[in-house]
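Structural characterization, general
Here are the chains, one letter per residue:
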Amino acid sequence: MTQLGKVFLPQEDGGSRDKQCSVCGREHPGTEETDREGGVHKCPPCLSYEELGKDLRKAQYMWLRVRDMAKLDENTPPGGWQDVLAAFGFEAGVTEKVPRPGVQPRVVLALDDQATQHLAPDRNTAVGRRFLVNVTPLITQLDLENYRDQLREDLKGLEKDDVKPFSLLEAQSRGIHRLGVLRMDLDDGGKLFSDGFVEYDDKGAVVRRFATLSRVAALSFAISLFFEGWVEFLAQEMNQETRKDPHRGDTLYSIYSGGDDLFFVGAWDRVVELARRVRADLTPFAAGHPGIHASAGVVLVGGKYPLYQAARDAGEAEDAAKRYERRVNGAKHPKDALNFLGQTVSWSLFGLAQPLVEEMATVSGLAQRLERLTRPPEEGGQGVPAALLRILMRTQEQHDEAAKKRRMCGRDLNRQGEEQTLWGPWMWRSYYMLKRMARRQKERGGAEIEALAEQLKGENFRAIEWIGLAARWVELLSRNSASR
Ligand SMILES: [Zn+2]
């Protein structure tokens with residue numbers, strides 16, 4: 001077996017549970033129980049990544065130099081990230097101050113615009129700028145005071161400016177306390193490179209190929225610039241928004257963003273909004289090119305759910321979004337969708353208006369309206385009973401059940417292969433219930449409930465396929481809010 005092959009072999013240690021790392025699940029003889037979190041075991045590689053994460057939080061510069069490749073010894077268990085780089089013949093580090101001139105050739109990269117200004121090349125140093133999504137929420141003094149009782153165990157040993165534990169991000173969600181996990185990536189990234197630089201004639205024959213090195217490099221750079229530069233800007237901007245609320249502070253945490261994909265966690269309500277803003281900004285960035293879009297999966301997890309499992313769940317949600325196909329006038333529009341609360345909808349239906357507007361034609365617009373309607377009057381809402389949400393949820397449920405049955409019988413497509421609207425008694429029942437509610441709620445949002453009923457009917461009840469999603473979303477936003 002090659003040296004490299006051995007690197008990827010599992011290193012077993014006789015199946016001792018103490019030696020199994022709670023983070024990555026692998027066994028390592030150096031695994032130890034951490035002082036702060038009782039019962040949590042971490043292996044040396046994971047601890048080294050954790051350290052790196054801490055250092056990165058304040059890092060201004062990254063340096064890199066070539067060294068002799070370190071010899072791999074198959075009997076030695078894996079070490080930290082420095083050992084991994086050494087095996088590939090590199091040495092690297094991050095610093096807060098400009099690294100002092102050295103005698104060996106190296107590259108120093110500034111991690112933000114300000115840091116760039118203090119950087120100058122010398123005879124051994126090449127300099128540059130590296131975009132790096134480095135969004136890390138930190139604990140504030142207020143957090144320590146506000147959550148002292150509620151999160152006693154989780155905050156034990158933590159100080160101001162330490163990285164916020166997931167449980168705190170969860171507690172700082174609006175409504176139900178859950179951690180939101182987002183995975184998102186560019187649709188058909190590979191195809192963009194393989195087919196994007198080819199011109200075809202009407203019969204599909206290649207007329208011209210223009211994939212020059214400079215064009216491919218420019219496209220590749222543009223995509224990274226968005227996912228490594230702009231995504232960070234958006235997330236920081238959103239953290240600034242919640243920072244104005246002393247009970248929240250920073251609510252988004254970047255686990256990874258680079259190339260053409262991203263992985264974030266945070267307060268669940270903010271994670272959904274981040275996905276929406278990222279997708280909304282991608283279109284103008286790509287100058288409105290219809291072939292450039294992205295799909296996303298958002299899942300809500302709670303408690304001590306392991307991150308690698310949450311990553312897998314969000315990945316499955318993202319895969320579901322990638323399988324989505326919207327048909328407009330017989331033409332297929334694949335992907336460009338979001339899977340949220342277990343349902344996939346196209347981004348255009350989800351609503352990409354910037355800033356978010358209240359409207360009845362999109363999921364997020366309708367959710368915004370339902371939220372205002374059902375919020376108590378003392379919080380600026382109309383005080384419509386939550387029964388409104390239940391009517392909408394139940395209506396979609398009935399529709400979905402019938403649609404599933406019809407699909408199983410293979411009767412869901414018409415001759416053009418388009419999915420047909422499913423008619424059923426639930427349509428008029430929901431119309432009737434909304435009208436009745438509007439009459440009873442005359443003083444409190446009656447006119448708006450009436451308008452909702454009419455709009456639903458006016459569009460042949462098409463919205464029945466997603467009104468329940470909007471209602472469920474609002475229902476989750478309203479949970480627990482009284483305990484604040
Ligand atoms: Zn580990």
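For the structure given in this document, a descriptive report is provided here.

Definitions and cut-offs
- Residues numbered from 1 in each chain as written.
- Predicted model: local features only at pLDDT ≥ 70, side-chain atom pairs only at ≥ 80, totals over all residues.
- Heavy atoms only, no water.
- Helix = DSSP H or I, 4+ residues; strand = E, 2+ residues; numbered from the N terminus.
- Buried < 20%, exposed > 50% of the residue type's maximum accessible area, 1.4 Å probe, protein only.
- Contact = heavy atoms within 4.5 Å.
- Areas by Shrake-Rupley, 256 points an atom, 1.4 Å probe, with all protein chains shown as cover.
- Patch = residues over 30% accessible without salt bridge, like charges linked within 9 Å, V, L, I, M, F, W, Y side chains within 5 Å.
- Salt bridge = Lys/Arg side-chain N within 4 Å of Asp/Glu carboxyl O.
- 1 Å grid on protein atoms, 1.4 Å probe; cavity = no way out; pocket = protein on both sides within 12 Å on 5 of 7 lines; lining within 4 Å.
- Points joined across faces, edges and corners; volume = space filled by probe spheres on them.
- Phe/Tyr/Trp six-rings, centres within 6.5 Å; stacked < 30°, edge-to-face > 60°.
- Lys NZ or Arg CZ within 6 Å of the ring centre and 35° of its normal.
- Donors = N, O, S within 2.8 Å, 3.2 Å for Na, K, Ca; no water.
- Expected span 1.5 Å × (residues − 1).
- Bend = angle between axes of the 7 residues up to and from the residue.
- Pairing = 2+ DSSP bridges.
- Axes fitted to C-alpha atoms, helices over the stretch in contact; angles between N-to-C directions.

For the chain, the helix and strand inventory stands at 17 helices and 16 strands. Dimensions of the chain, computed from the C-alpha atoms along their principal axes, are close to 80 × 70 × 50 Å. Burial status across the chain gives 42% buried among its 484 residues. Once local pairs closer than 6 in sequence are excluded, the contacts in the chain between residues at least 24 apart make up 60%. Total accessible area on the chain stands at roughly 26500 Å², and carbon and sulfur atoms take up 52% of it.

Here we take up a nonpolar patch on the surface. A cluster of nonpolar residues, Y49, L64, V66, V84, F88, F90 and V107, forms a patch on the protein surface that exposes about 610 Å² of accessible area. Its place among the elements puts Y49 in helix α2 (residues 44-58).

Looking now at the environment of R436. By the secondary structure assignment, R436 is in helix α15 (residues 425-440). Its relative accessible area of 27% is what places R436 among the partly exposed residues. It is 9.5 Å that separates the C-alpha atoms of R436 and G446, two residues lying 10 residues apart in sequence.

Time to look at empty space enclosed by the protein. Overall, the coordinates contain 1 cavity of 30 Å³ or more when judged by the stated rule. Lining the largest cavity, in full, are M360, L366, L452, Q455, L456, E459, A463, W466 and I467. Looking at which element gives the most residues to the lining of the largest cavity, the answer is helix α16 (residues 446-458), with 3 residues.

The next subject is the packing of aromatic side chains. All chains considered together, the criterion is met by 12 aromatic pairs. Considering the side-chain rings of F197 and F210, the 6.1 Å spacing of their centres and the 85° angle between planes classify their relative orientation as edge-to-face. One end of the pair, F197, is in the loop between α8 (189-195) and β8 (198-200); the other, F210, is in the loop between β9 (206-209) and α9 (213-243), and 13 residues separate them in sequence. Through a chain of ring-to-ring contacts, the aromatic side chains of F340, W347, F350 and W473 assemble into a single cluster. Above the ring of F263, the side-chain terminus of R183 is found at 5.6 Å from the ring centroid.

For the zinc ion, the protein coordination sphere consists of C21 (SG), C24 (SG), C43 (SG) and C46 (SG), at 2.2 to 2.3 Å. Mapping the donors of the zinc ion onto the primary sequence gives the spacing C-x2-C-x18-C-x2-C. With respect to burial, C43 and C46 carry one shared label: buried.

A few words now on α9. Over its 31 residues, α9 extends 44 Å from the first C-alpha to the last, a length consistent with the 45 Å expected when each residue adds 1.5 Å. The largest bend in α9 is about 30°, located at L225.

We now examine the sheet that holds strand β4 (residues 90-95). Within a beta sheet, neighbouring strands are joined by backbone hydrogen bonds and run either parallel or antiparallel to one another. Sheet architecture is open: 4 strands sit in the order β4-β3-β5-β6, paired in mixed fashion. At either end of the open sheet lies a strand with only one pairing partner, and these are β4 and β6 (125-129). Going across the sheet, the axis of each strand differs from the next one's by a mean of 20°, ignoring polarity. Summarising the sheet, strand β3 (residues 61-66) and strand β5 (residues 106-110) pair through 4 bridges and their orientation is antiparallel.

Further remarks concern unusual backbone geometry. With omega at -10°, the peptide bond leading from Q354 into P355 counts as cis. Examined against the element boundaries, P355 turns out to sit in the loop between α12 (347-350) and α13 (363-374). Here the phi dihedral of D161 falls at roughly 75°; this positive angle occurs in a residue that is not glycine. Its location among the elements puts D161 in the loop between α6 (152-155) and α7 (166-171). A relative accessible area of 36% places D161 in the partly exposed class. For N460, which is not a glycine, the phi torsion comes out positive at approximately 55°.

Relative to the elements of secondary structure, E199 occurs in strand β8. With 26 residues separating them in the primary sequence, E199 and L225 have C-alpha atoms 26 Å apart. Apart from the residues within four sequence positions on either side, E199 is in contact with A205, V206, V207, R208 and F210.

Residues separated by three or four positions in an α-helix point in the same direction, a consequence of the helix having 3.6 residues per turn. Counted at 1.5 Å a residue, the expected span for helix α14 (residues 387-408) with its 22 residues is 32 Å, and the 32 Å between its end C-alpha atoms agrees. For α14, the full list of buried residues reads L388, L389, I391, L392, M393, T395, Q396, Q398, H399, A403 and R406. Buried-residue contacts for α14 involve β16 (343-346), α13, α15, α16 and α17 (467-478). One or two positions beyond α14, positive phi appears at G410, with a value near 70°.

Note on placement: R369 falls in helix α13. Residue class for R369 comes out buried when judged on its relative accessible area of 18%. Apart from residues no more than four positions distant in its own chain, R369 is found in contact with E358, M360 and E448.

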